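Results of the structural survey
Here is how the chains run, residue by residue.
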Amino acid sequence: MYEKYILPYLLNYTCGQKPFIKQRQKLVPMAKGKVLEVGIGSGLNMPYLNTSNISSLVGIDPSEELIQIAEKRIDNSMPKIDFIISKAEEMKFDDNAFDTVLMTYTICTVEDVAASLMEIKRVLKPDGKLLFCEHGLAPEEKVVEWQNRINKFWPYISGGCNINKNIPQLIEEAGFTIPNMEQMYLPKTPKILGYNYWGTAVK
Ligand SMILES: C[S@@+](CC[C@H](N)C(=O)[O-])C[C@H]1O[C@@H](n2cnc3c(N)ncnc32)[C@H](O)[C@@H]1O
């Protein structure tokens, strides 16, 4: 009941707040060519895609309810998009299929991060780019202590979101290198939830 009728709208509302939108505006316009968005959710990135640089767009997400919200967001200014209900851990795409994989605020929630990132690596072309923007482990010890405490129950009320993941470490452990990354606390966001890492990863 909560997961189906309340959580999708809560996520859409929370992830649509100004500090998150500002982050989307920095990253999403860089997507180009054949684009895959992993964990497209309610489609909050769609308005920031630079349509003139995109030849095709696929969005995957395991949540039917979130994809339904995303479908309602489509307007004529956006590229045609194929929505597929799927987890990142097992994607039915060919190897080397995409120029860009876009992933925002999704690593926190995927069940098997290593398997998901390996799949992303598989479907990315050799010169493709993973564009990521994620919240995760803060740099301050005191904040991390609170992140670890709160994370004992947080996933149960947030659809599986973990607030203490070491984002760059996870990406690098999957065999990516990260030529560009920035990080900061998002303004007007609790420190335990708002430490952001964003940038580009390559195979
Ligand atoms: C916090 S929401 C973020 C949604 C969207 N990426 C955004 O930026 O607004 C986390 C998303 O990850 C999706 N998700 C959860 N498990 C996943 C998995 N195994 N593979 C792909 N996406 C997953 C959820 O359904 C949800 O849409």
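These notes cover the structure that comes with them. None of these values were measured; they are calculated from a predicted model.

Of all residues adjacent to the ligand, which total 22 residues, the nearest are Gly39, Gly41, Lys87, Ala88 and Thr104. Counted by class, the shell around the ligand contains 10 nonpolar, 8 polar and 4 charged residues.

Looking now at the nonpolar core. The biggest cluster of nonpolar side chains holds 47 residues, and the ones touching the most others in it are Val101, Ile120, Leu130 and Phe132. The dominant element in this core, judged by the number of residues it contributes, is strand E5 (residues 124-135), at 5 residues. Excluding residues that lie within four positions of it along the chain, leucine 130 makes contacts with Val101, Met103, Ile120, Leu124, Phe176, Thr200 and Ala201.

Our next topic: unusual backbone geometry. In the Ramachandran plot, asparagine 96 falls in the positive-phi region, its phi being about 55° despite a non-glycine side chain. Within the fold, asparagine 96 resides in the loop between strand E3 (81-85) and strand E4 (98-104).

For the rest of this paragraph, the subject is the pairing of E5. Of all 12 residues in E5, 9 are buried; the element is thus mostly enclosed. Examined bridge by bridge, E4 and E5 share 6 bridges and lie parallel to one another. If you follow threonine 100 over to E5, its bridge partner there is lysine 129. Traced from E4 through helix H4 (residues 113-123) to E5, the parallel crossover comes out right-handed. With 6 bridges joining them, E5 and strand E7 (residues 195-202) adopt antiparallel strand pairing. Bridge pairing in E7 links histidine 135 to asparagine 196.

Strand pairs in the sheet, formed through backbone hydrogen bonds, run parallel or antiparallel to each other. Strand order in the open sheet made by the 7 strands is E3-E2-E1-E4-E5-E7-E6, with mixed pairing throughout. Looking along the sheet, the strands with just one partner apiece sit at the ends: E3 and strand E6 (177-185). Strand after strand, the sheet turns through a mean of 15° between neighbouring axes, direction not considered. Contacts from helix H2 (residues 18-27) reach E4, E5 and E7 within the one sheet, and its direction differs from that of E7 by about 15°. Sheet contacts for H4: strand E1 (33-38), E4 and E5; angle to E5, the most-contacted strand, approximately 145°.

Procedures and definitions
Residues numbered from 1 in each chain as written. Predicted model: local features only at pLDDT ≥ 70, side-chain atom pairs only at ≥ 80, totals over all residues. Near = placed C-beta within 6 Å. Nonpolar A, V, L, I, M, F, W, Y, C, P; charged D, E, K, R; others polar. Core = buried A, V, L, I, M, F, W, Y, C linked by C-beta atoms within 7 Å. Buried ≥ 20, exposed ≤ 12 C-beta atoms within 10 Å, placed from the backbone. Helix = DSSP H or I, 4+ residues; strand = E, 2+ residues; numbered from the N terminus. Contact = placed C-beta atoms within 7 Å. Pairing = 2+ DSSP bridges. Right-handed = clockwise from strand over helix to strand, strands pointing away. Axes fitted to C-alpha atoms, helices over the stretch in contact; angles between N-to-C directions.

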